[in-house]
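Now for the letters of each chain:
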Amino acid sequence: MLGKLTWQAIPFNEPIPLISGFGVYAIVLAILVWVWRKGYLPYLWREWITSVDHKRIGVMYCLLGLVMLLRGFIDAMMMRAQQAMAFHGNGYLPASHFDQIFSAHGTIMIFFVAMPLVIGLMNFAVPLQLGVRDVAFPTLNSVSFWLTAVGALLVNLSLVVGEFSRTGWLPFPPLSELRYSPGVGIDYYCWAIQLSGIGTLITGINFVTTILKMRAPGMGYMRMPVFCWTALASSLVIVAVFPILTATLAMLLLDRYLDFHFFTDTAGGNSMMFMNLIWAWGHPEVYILVLPAFGVYSEVVATFSGKPLFGYRSMVIATMAICIVSMTVWLHHFFTMGAGPEVNAVFGIASMIIGVPTGVKVFNWMFTMYGGRVRFTTPILWSIGFMVSFVIGGLTGVLLAVPAADFQLHNSEFLVAHFHNTIIPGVVFGLFAGYTYWFPKAFGFVLDERLGKWAFWLWVVGFWVAWGPGYVAGLEGMTRRLQHYDNPAWHPWMLLSAVGVLIILAGIAAQVAQLVVSIRTRAARSDVTGDPWDGRTLEWATSSPPPAFNFARLANVTSREAYWDMKQQARTTEQPVAPDVDYEPIEMPRNTPTGFVTAALASVTGFALIWHIWWLVILGLIGAYATFVVFAWRDRTEFVIPAAEVARLDRANRTARAEYIEEPA
Amino acid sequence: MSTEILRAPLDPAGLPHEAALAGAPPRVTGHGAGGPAPKRIVVGYGFWVFLLSDVIMFSSFFAAYAVLFKNTAGGPSARELYDLHNTALETALLLTSTLTCGLASIAVGQRNLKWTQIALACTGVLGVAFLTLEVREFASFVARGAGPSRSAFLSSFFTLVGCHGVHVTAGVLWLGTMMAQFYAKGFRTDIRHRFLCFTLFWHALDIIWVAIFSLVYLVGTLPPELLP
């Protein structure tokens, strides 16, 4: 009846996951009860859960990413503590548990922190920057978000029901095959990633279509904000490589469920094929994450330097070059496979070449700041911290791209330090910059600057104290994922690294405090003009938070920095930035629970698949088809916002804006 | 009604080009500066992008098949198993179903419900016949001890061809839903948009099948000395 699911799935004999797991569920339950008692549930259902508004979906994505950041960070602290303690001993984590933690840490940080935050910022900012009212497929956008949330749910469920994968953040065979991993850990991993991967693929399709087919009149390709370009490049890579991930995990699942032989190394199977396939997705994936972060830096640096971005055209070319070259470097993840010197040389050179467009970008940001009046706000601090730190991560990457050097450093702590050095200062700092930069647009008040700066300094110092030692230990021969070790040369570095993670913890505490303080004092820090940073792109041309329809009328874009030029023109001609007009009613897509229902069915089906509860799988699939038909059967898919309401909202914002634009001039 | 259709040129999905309809301003500028595209363009474009991603998923399975083709682990090889007569019949059924699907597009363009339903029903019947032949072929392989667990080669064969079969099955379910929608709601704009996507999907499955037919069945039955 319940497949493989029995009481033994609950780890009663392992207190750490049991207590922490039930702790998490207790917190979630408490929040749900509080929401229910306060009577917020109908509001949440109406305004958020069923919402198809790209801004709301973007906020929910970011919320998911930030909550999961805490989960992934707890894993990080546990690992650092283990490696600090496990010199000449076993530490406090048994090997099987340590293995699950490093697997969960990588999986969560990439799929359920970085991806949701990147996609969340894209969702929030791209349609606003393009000057349009929503993405191409609003309902599918909601489906995407909820499928991502299902993946996160399944990964967290494995904490208490069953176990998680022990093979690292990617399930390398033959270790991940049924023979060596008979438990449900790999199945949790695969189904969680399959479901959230479908969500990501739909997002990619949605944004390629949105950016290429839906822009304000006059916004030709060379007038698009750079963040939109990077979102386009990132979405194109998603469309090109996420299907490979789906296919690869499908093959692994077939091996595990139906005794196929893709990667078993028996009956003709070939585990190295998995390495090729998974990295053909996995390497482009890091560019999916970092390109939108580059876009955020571009927006932030231009805005706070008070200058147009230096070398816009070269920035666009560099972005698209990375988009393409990102798909030609995957083999550098396994130079040691033995493909031969010719193959390794080709991929080594390609991996070095991809540093060139990235270098172009770094120079462009520096030249943008050069000669500008830089306002040192939190977002630009994150950007400067990124530039300084990321260059070192890039240099160690070029070093690892040399196959001969890679043979020494493969799977060492040096490698781990390298990719943390690119992902944390590259992606995470960019996401924090974007979070601070667009927060007032989303909620109508500015985040506290003082605590934001504290967070920045603690993070950047903490990062270097935590991962500088990784480089040294790696050069001294320390391999990654060691549950215990006996080499005295490594121990001091691991202790130092643990101190670093505590500094980062203080940084995260500062961020939590920043949010709490800012919400409490929001009345004093509200942004009435919709343009708190003296911005240059169209998202600042509407109120904060924007109305559901974003723009009462679509702007007519005549230049690259659409809103900046509108402001300049308003100042020189002393005309209002947008003249009063007759408003027209606006059609907007209706909210729908399709995304939520799909996700609920997907989580039940995923859980049933993991535990081999076949009748439930069939019910889930029938439910999915039924949802599809019910959704297709809707007669009213849009609602109309009357012209009077549009006029009321827009006129209030225009008055505030006109006063503000006259002041600084 | 017919005169209106004649004035507006038809595109392959049987829908008039929107720009050709009276009153629509010219939208094509070549630099993407014409403002948001009309909904039909957005829907069709998005679905094209989805189809591209689907093709990439198939290409992964093709790659796996190519890598594992010779790894028969002492079991039967492609040449011993494949029956080109059966494949030829499958191909004929699927290609004919594409023709009837195209006829359905024309009928939708003419807003002719009867012929739309007839053409779609034919498409569905041909699709089901194709699936029947495929399932029969799979069953005969398994009966001969050549199931997917026998060797890596057979694993990749069943996955690649089976994935196409799963797509056809989904297509048949979608087709049934489309017929029901035309019956219940008529030729509403959003339903015509969906139908446009359905036809694209069905034709794309045919293209994938052409690749399977050529690269799996035709190459698989070549004499060994002709194989690389």
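Residues numbered from 1 in each chain as written. Chains lettered and ligands numbered in written order. Predicted model: local features only at pLDDT ≥ 70, side-chain atom pairs only at ≥ 80, totals over all residues.

A. Focus on the overall build of chain A. What chain A contains, in helices and strands, is 20 helices and 2 strands. For chain A, the C-alpha radius of gyration of 25 Å lies close to 26 Å, the compact-globule estimate for 665 residues. With respect to the principal axes defined by its C-alpha atoms, chain A has extents near 75 × 60 × 45 Å. Residue burial in chain A is summarised as follows: out of 665 residues, 53% are buried. The contacts in chain A between residues at least 6 apart in sequence include a share of 84% that link residues at least 24 apart. (Helix = DSSP H or I, 4+ residues; strand = E, 2+ residues; numbered from the N terminus. Rg over C-alpha atoms; globule rule 2.2 N^0.38 Å. Buried ≥ 20, exposed ≤ 12 C-beta atoms within 10 Å, placed from the backbone. Contact = placed C-beta atoms within 7 Å.)

B. Up close: the packing of helix α9 (residues 312-325) of chain A against helix α11 (residues 355-369) of chain A. Residues and elements named next belong to chain A. Interhelical geometry of α9 versus α11 gives an angle of 150° and a closest axis separation of 9 Å. Put simply, α9 runs roughly antiparallel to α11. The chirality of how α9 crosses α11 is left-handed. Contacts between α9 and α11 pair Ser314, Met315, Ala318, Ala321 and Ile322 from the former with Pro357, Thr358, Val360, Lys361 and Asn364 from the latter. Residue composition of the contact of α9 with α11, by class: 6 nonpolar, 3 polar and 1 charged. (Axes fitted to C-alpha atoms, helices over the stretch in contact; angles between N-to-C directions. Parallel < 35°, antiparallel > 145°, perpendicular 65-115°, else oblique. Left-handed = near helix turned anticlockwise from the far one by under 90°. Nonpolar A, V, L, I, M, F, W, Y, C, P; charged D, E, K, R; others polar.)

C. Quick look at the confidence of the model for chain B. All names here are of chain B. Predicted confidence across chain B gives a mean pLDDT of 88, with 86% of residues reaching 70 or more. Averaged pLDDT values for the elements of chain B fall to 39 in helix α1 (residues 2-7) and rise to 97 in helix α5 (residues 113-143). The low-confidence segment residues 1-28, where pLDDT is below 50, has 34 contacts with residues more than four positions distant or belonging to other chains. Interface confidence in the predicted complex, given as ipTM, is 0.94; pTM for the same model is 0.94. (pLDDT = per-residue confidence, 0-100.)

D. Fine view of the environment of Pro173(A). Residues and elements named next belong to chain A. You can see proline 173 is positioned in the loop between α5 (138-157) and α6 (185-213). Using a count of 27 C-beta atoms within 10 Å as the deciding quantity, one classes proline 173 as buried. A sequence separation of 135 residues divides proline 173 from proline 308, and the C-alpha atoms of the two residues are 49 Å apart.

E. Up close: helix α7 (residues 189-220) of chain B. Residue and element names in this part refer to chain B. Given a rise of 1.5 Å per residue, 32 residues ought to cover 46 Å, and the 45 Å separating the end C-alpha atoms of α7 matches this to within 8%. Roughly 25° is the biggest bend found in α7, and it falls at phenylalanine 213. Along α7, the positions that sit buried rather than exposed are Phe195, Leu196, Phe198, Thr199, Trp202, Ala204, Leu205, Ile208, Trp209, Ile212, Val216 and Gly220. Its buried side turned inward, α7 meets α2 (39-68), α3 (78-81), α4 (84-109) and α6 (152-185). (Expected span 1.5 Å × (residues − 1). Bend = angle between axes of the 7 residues up to and from the residue.)

F. Summary view of the interface of chain A and chain B. Facing 42 residues of chain A, the contacting portion of chain B comprises 38 residues. Elements supplying a minimum of two residues to the side of chain A that touches chain B: α6, α7 (226-258), α8 (271-305) and α19 (614-632) of chain A. The leading source of residues in the side of chain A that touches chain B is α7(A), at 10 residues. Partitioned by chemical class, the residues of the side of chain A that touches chain B number 29 nonpolar, 10 polar and 3 charged.

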